[in-house]
Amino acid sequence: MARILITSALPYINGVKHMGNLAGSMLPADVYARAMRLLGHDVLYICATDEHGTPAELAAQQAGMDVAAYCDAMHDAQAGAGAQFDLSYDYFGRSSAPSNHALTQHFAHVLEAQDLIYEKVSKQVYSNADGRFLPDRYVEGTCPNCEFDGARGDQCDNCGKLLDPVDLINPYSAVSGSKDVEIRETNHLYLRQSALSDRLRDWVDASEGWPPLATSIAKKWLDEGLRDRAITRDLSWGVPVTDANGKPRAGFEDKVFYVWFDAPIAYIAATQDWAVKTGGDWEPYWKTDAGANDTQYVQFMGKDNVAFHTLSFPTTLIGSGEPWKLVDSLKAFNWVTWYGGKFSTSQKRGVFMDQAIDIAPSDNWRWHLMANAPEGDDAAFTWEEFAVSVNSDLANVLGNFVNRITKYTASKFDGRIPAGGVNTEHEAWIIAELETRIPALIAHYEAREFRKAMEQTRAIWAAGNEYLTRAAPWSLYKTDVDAAAVGVRAGLNLAALFGIIAQPIIPNAADKILSALGVPQSNRSWDFGDIAGLINALPEGTAIKAPDVLFTKIEESDIAEWTAQYGGGQDKA
RNA sequence: GGGGGGAUAGCUCAAUUUGGUUAGAGCCCCCCGCUCAUAACGGGGUGGUUGGGGGUUCAAGUCCCUCUCCCCCUACCA
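The shown structure was predicted, so the numbers you read here are calculated from the model rather than taken from an experiment.

**Points about the protein's contact with RNA strand B**
Here comes step 1: What surrounds RNA strand B is a group of 60 residues, the closest being Asp136, Lys303, Asp377, Asn400 and Arg404.
Here comes step 2: Sugar and phosphate atoms represent 65% of those atoms of RNA strand B found within 4 Å of the protein.
Here comes step 3: Gln155 is positioned with one of its side-chain polar atoms (N or O) 3.5 Å from a base oxygen of RNA strand B.
Here comes step 4: A total of eleven residues in the surface near RNA strand B trace back to one element, the largest contributor, which is helix 12 (residues 383-412).

Structure below.
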């Protein structure tokens, strides 16, 4: 048994997330967490809302709400959506929590004590109309390179050239459209990342189990030489910048820490909040002087977040000089796209978590998104593929298997798990299948290869159908009831096994199957022991029920309706 | 501009790390079987110049060069 800390990239606060966000970190982290729990590990799965930054302030303003109240509402909405998708967080915290304020300020103080923080004045665009400094991409204007009119301050979408907002011709605020903008000087705290390059490189070189994507991105930045990075912003909503006495830092009264400085720290702060809430101990997860070297720390994130997790956050932790736990393994995902294009609220393209749960049960989404996880490349969501996942994999292969064997048991064996008969070549066949497939399934989960894990799960379900065809108890029943009983008993045990292996992915359907077969909670773990015994594990004579239809199929008319409402193939971006 | 990832049956993806039998699977389609079951299930089959071009090698989807297209990052979006 191992102690495993799992974090999912923090979902940003400005609204309920779309299915791509769910599929890219929160859901796979959850499936992994559930699988590791079933394997008997001591798992802590931590997530939180990422609440600071300019977009949060603007979203609140647009909603006509106070930022804090807006974040309260959105945090609740996201927590609710997560619960509806059965995300089994041990704690779902907030980057705006007092614990994170304190810890972020703590890190800034110890980093400064290590001479890794200094003040520097830079130039930034200020919008008089909006009464705020504008991040580079919130300034738009004419591109000095190609004269495109809608160029953003950081990059021109037309010619692709990287820009400095100061160079834009006729700059205006992307927030209000106002041209009343000016360049102002502003003082900020900078993190001396350059001083930590060597220590960071040593750590990256020593790391194992990172995907090539993560290693190559980290090394590229290191090769170019880490630049010092501003870790404060001119905003009001965020973690206040304090001095060593906890008072507002002189000259920084109207500034807060940069969201990417405080957000990853919230992984730790949320763990502290979990400890307070549950009476647990957070230090064995995060402090190497409290046992965290024995903790396996796995981070899940989208491909855009890799540099922050491999460089920025480790810089904070290493630079502190304190014994903080660093990440062991990363799993980075590409994007789920909507028919190959981007999700867009305004253009009604794509489904968000709160809408999705009204369309189909959580299990259906979880299965489809994991079976088509964007592991190698971006993966396009389509209603047609969704229907295939639900109808073929869930309804026909798994749902129908459970249905056919339980119904048959009800009609011919009095609804009880039958005794009698002896195993034949057919039972030997299915046992051999399980003896190779179950270890392979577990290996895929341990390697966090989700598509392969789903493929193996489905293959095990499908093997059950093949077994029933081979054993054909309905034929044997006419001449030898005991011989038929062998097939029925094995089939019922297989149904239970299928529920047990399905738990990380489709927890609700799995529970329905296991409850119908009378499998107690205590017998649902992945401690399989002797695999040959799995087809005789259920107590003979136990009364079972045929569960209601486990998965309702998706009809052509459903697809047409959803396409009309949420967009589909006809408006590819 | 720089860096990284990707392009493989009609569709969605394996196999590329470590070059090695006839490049696999699911869906679709066709044929057969079964009749316990949600018109489901099982078996078999059709289908590939591995994005284009060039090279290395006894052998290339895999290594090298080059071209095309898509995605991410490029340090003040998160």
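That shown, we press on.
**Section: the sheet that holds strand 9 (residues 181-191)**
Strand pairing in a sheet takes place through backbone hydrogen bonds and is either antiparallel or parallel in direction.
Here comes step 1: The antiparallel open sheet is built from four strands, whose spatial order is 5-4-9-10. With one partner strand each, in any of the chains shown, strand 5 (132-134) and strand 10 (229-230) form the two edges of the open sheet.

**Quick notes on the pairing of strand 13 (residues 295-302)**
Here comes step 1: For strand 13, the buried fraction is high: seven of the eight residues fall into the buried class.
Here comes step 2: Pairing analysis gives six bridges linking strand 1 (residues 3-8) to strand 13, with the strands arranged parallel. Opposite Thr7, over in strand 13, you have Gln299 as the bridge partner.
Here comes step 3: With helix 9 (residues 306-319) bridging strand 13 and its parallel neighbour strand 14 (residues 329-333), the resulting β-α-β unit is right-handed.

**Let's talk about the pattern of salt bridges**
Two side chains of opposite charge can pair, provided their charged atoms sit close to one another.
Here comes step 1: Taken as a whole and assessed by the stated rule, the structure comprises 26 salt bridges.
Here comes step 2: Among the ionic pairs, Asp511 bridges to Arg524, the shortest N-O distance being 2.8 Å. In this pair, Asp511 sits in helix 17 (residues 507-516) while Arg524 sits in the loop between helix 17 and helix 18 (556-566), placing the two residues 13 residues apart along the sequence.
Here comes step 3: For Asp511, a relative accessible area of 33% gives the class partly exposed.

**Here we look at the nonpolar core**
Here comes step 1: Core analysis: the biggest nonpolar cluster contains 165 residues, and Met19, Trp365, Trp383, Tyr445, Trp461 and Ile506 have the highest contact counts within it.
Here comes step 2: In terms of residues, this core owes the most to one element, helix 16 (residues 481-502), which gives 13 residues.
Here comes step 3: Each residue touching Trp383, except ones within four places of it in the same chain, is listed here: Trp338, Tyr339, Val351, Ile359, Trp365, Ile559, Trp562, Thr563, Tyr566 and Gly567.
Here comes step 4: By size, the runner-up hydrophobic cluster in this structure holds eleven residues, among which are Leu58, Val139, Ala151 and Val181.

**So, a negative patch on the surface**
Here comes step 1: Taken together, the side chains of Glu384, Glu385, Glu555 and Glu556 define an acidic patch exposed on the protein surface.
Here comes step 2: With respect to the element layout, Glu556 can be found in helix 18.
Here comes step 3: Accessibility expressed as a relative area gives 68% for Glu556, which makes it exposed.

**Concerning the side chain of Arg34**
Here comes step 1: Looking at the element boundaries, Arg34 is found in helix 1 (residues 19-38).
Here comes step 2: The contact partners of Arg34, leaving out residues within four places of it in the chain, are Asp86, Ser88, Arg366, Gln503, Pro504 and Pro507.

**Notes on unusual backbone geometry**
Here comes step 1: Here Asn170, not a glycine, exhibits a phi torsion of approximately 50°, which is positive.
Here comes step 2: You can see Asn170 is positioned in strand 8 (residues 169-173).
Here comes step 3: The phi torsion at Ala472 lies on the positive side, around 40°, for a residue other than glycine.
Here comes step 4: Here Ala472 is to be found in the loop between helix 14 (450-471) and helix 15 (473-476).

**Quick notes on the confidence of the model for chain A**
Here comes step 1: When pLDDT is averaged across chain A, the result is 93; 99% of the residues are at 70 or more.
Here comes step 2: Overall fold confidence (pTM) sits at 0.96, and the ipTM for the predicted complex is 0.95.

**Overview of helix 17**
Residues spaced three or four apart along an α-helix point in a common direction, a consequence of the helix completing one turn every 3.6 residues.
Here comes step 1: Buried within helix 17 we find Pro507, Ala509, Ala510, Ile513, Leu514 and Ala516.
Here comes step 2: Residues of helix 17 that are buried sit in contact with helix 1, helix 11 (362-371), helix 12 and helix 16.
Here comes step 3: Once helix 17 ends, the next one or two residues include Gly518, with phi positive near 70°.

**Let's talk about the packing of aromatic side chains**
Here comes step 1: Here the structure, examined in full by the defined rule, presents 34 aromatic pairs.
Here comes step 2: An angle of 55° between the planes, with centres 5.3 Å apart, marks the rings of Tyr445 and Trp526 as tilted. With a gap of 81 residues between them, Tyr445 in helix 13 (residues 425-446) and Trp526 in the loop between helix 17 and helix 18 connect regions that are remote in the sequence. For the pair formed by Tyr445 and Trp526, the shared burial category is buried.
Here comes step 3: In this structure an aromatic cluster arises from ring pairing among Trp338, Tyr339, Phe343, Trp365, Phe381, Trp383, Phe386, Trp562 and Tyr566.
Here comes step 4: The side chain of Arg249 reaches across the aromatic face of Phe252, ending 5.4 Å from its centre.
Here comes step 5: When the ring centre of Trp324 is taken as reference, the NZ or CZ atom of Lys287 above it lies at 4.9 Å.

**Side note on helix 16**
Here comes step 1: Taking 1.5 Å as the rise per residue, helix 16 with 22 residues should run 32 Å; its terminal C-alpha atoms sit 31 Å apart, in good agreement.
Here comes step 2: Judged by how many residues are buried, helix 16 sits mostly within the fold: 19 of 22 residues are covered.
Here comes step 3: With a side-chain oxygen positioned 3.2 Å from the backbone nitrogen of Asp482, the residue opening helix 16 is Asp480.

Definitions and cut-offs
- Residues numbered from 1 in each chain as written.
- Chains lettered and ligands numbered in written order.
- Predicted model: local features only at pLDDT ≥ 70, side-chain atom pairs only at ≥ 80, totals over all residues.
- Heavy atoms only, no water.
- Near = heavy atom within 4 Å.
- Polar contact = N/O pair within 3.5 Å; in protein donor to acceptor, adjacent residues only side chain to side chain.
- Helix = DSSP H or I, 4+ residues; strand = E, 2+ residues; numbered from the N terminus.
- Pairing = 2+ DSSP bridges.
- Buried < 20%, exposed > 50% of the residue type's maximum accessible area, 1.4 Å probe, protein only.
- Right-handed = clockwise from strand over helix to strand, strands pointing away.
- Salt bridge = Lys/Arg side-chain N within 4 Å of Asp/Glu carboxyl O.
- Core = buried A, V, L, I, M, F, W, Y, C linked by side-chain atoms within 4.5 Å.
- Contact = heavy atoms within 4.5 Å.
- Patch = residues over 30% accessible without salt bridge, like charges linked within 9 Å, V, L, I, M, F, W, Y side chains within 5 Å.
- Areas by Shrake-Rupley, 256 points an atom, 1.4 Å probe, with all protein chains shown as cover.
- Lys, Arg positive; Asp, Glu negative; His and termini not counted.
- Charge placed at Lys NZ, Arg CZ, Asp CG, Glu CD.
- pLDDT = per-residue confidence, 0-100.
- Phe/Tyr/Trp six-rings, centres within 6.5 Å; stacked < 30°, edge-to-face > 60°.
- Lys NZ or Arg CZ within 6 Å of the ring centre and 35° of its normal.
- Expected span 1.5 Å × (residues − 1).

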